Amino acid sequence: SEQTFAFFADDTARKMMDYPDVVEEYCRMLDLSIFRVPDILLPLPLFNTAVQFAIACLNIQHREALRATLSFLTSLVELGTPWHQDKPEVQRHVQA
């Protein structure tokens, strides 16, 4: 995350438009990680920044990058649903 944020630090909006493949792969990685390793991902100090970055990416005009971003944000919302109550590693962070 730190390397991705450093890359986008200057003129974030323009770089998101210029490098939609980076946005797509980063959000895809977050989406895969949120269910596979929530105990590692959720408590990270940069996780809130990653979510803010994903929200900012909603303006991007690239289908696959937007799809990956929406998939990550959908997965994040799904963590708080009853479907995941049987996963204590998730609920420990969702209820905190």
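Please read all numbers here as calculations on a predicted model, not as lab measurements. (Residues numbered from 1 in each chain as written. Predicted model: local features only at pLDDT ≥ 70, side-chain atom pairs only at ≥ 80, totals over all residues. Heavy atoms only, no water.)

Novice: Before we go on, may I ask you to explain the overall build of the protein in this structure?
Specialist: A count of helical and extended segments in the protein gives 7 helices and 0 strands. Helices and strands appear in the protein in the N-to-C order α-α-α-α-α-α-α. Taking as baseline every contact in the protein between residues at least 6 positions apart, the subset at least 24 positions apart corresponds to 62%. Surface accessibility of the protein: about 6,100 Å² in total, with carbon and sulfur atoms responsible for 55%. (Helix = DSSP H or I, 4+ residues; strand = E, 2+ residues; numbered from the N terminus. Contact = heavy atoms within 4.5 Å. Areas by Shrake-Rupley, 256 points an atom, 1.4 Å probe, with all protein chains shown as cover.)

Novice: Explain the packing of aromatic side chains to me, please; I cannot follow it from the model alone.
Specialist: Any two aromatic rings considered together are summarised by their centre-to-centre distance and by the angle between their planes. Under the counting rule described, the total for this entry stands at 2 aromatic pairs. Relative to Phe-53, the ring of Tyr-26 has its centre 5.6 Å away and its plane inclined at 80 degrees; by these criteria the two rings are edge-to-face. On the criterion of sequence distance, the pair formed by Tyr-26 in helix 3 (residues 20-36) and Phe-53 in helix 5 (residues 47-56) is long-range, its members being 27 residues apart. Take Phe-53: its relative accessible area is 6%, and that puts it in the buried class. Where Phe-47 meets Phe-72, the ring centres are 6.5 Å apart and the plane angle is 85 degrees; that geometry is what we call edge-to-face. Taken as a pair, Phe-47 in helix 5 and Phe-72 in helix 6 (residues 63-78) lie far apart in primary sequence, 25 residues in all. Both residues of the pair, Phe-47 and Phe-72, belong to the buried class. (Phe/Tyr/Trp six-rings, centres within 6.5 Å; stacked < 30°, edge-to-face > 60°. Buried < 20%, exposed > 50% of the residue type's maximum accessible area, 1.4 Å probe, protein only.)

Keep in mind these values describe shape, not function.
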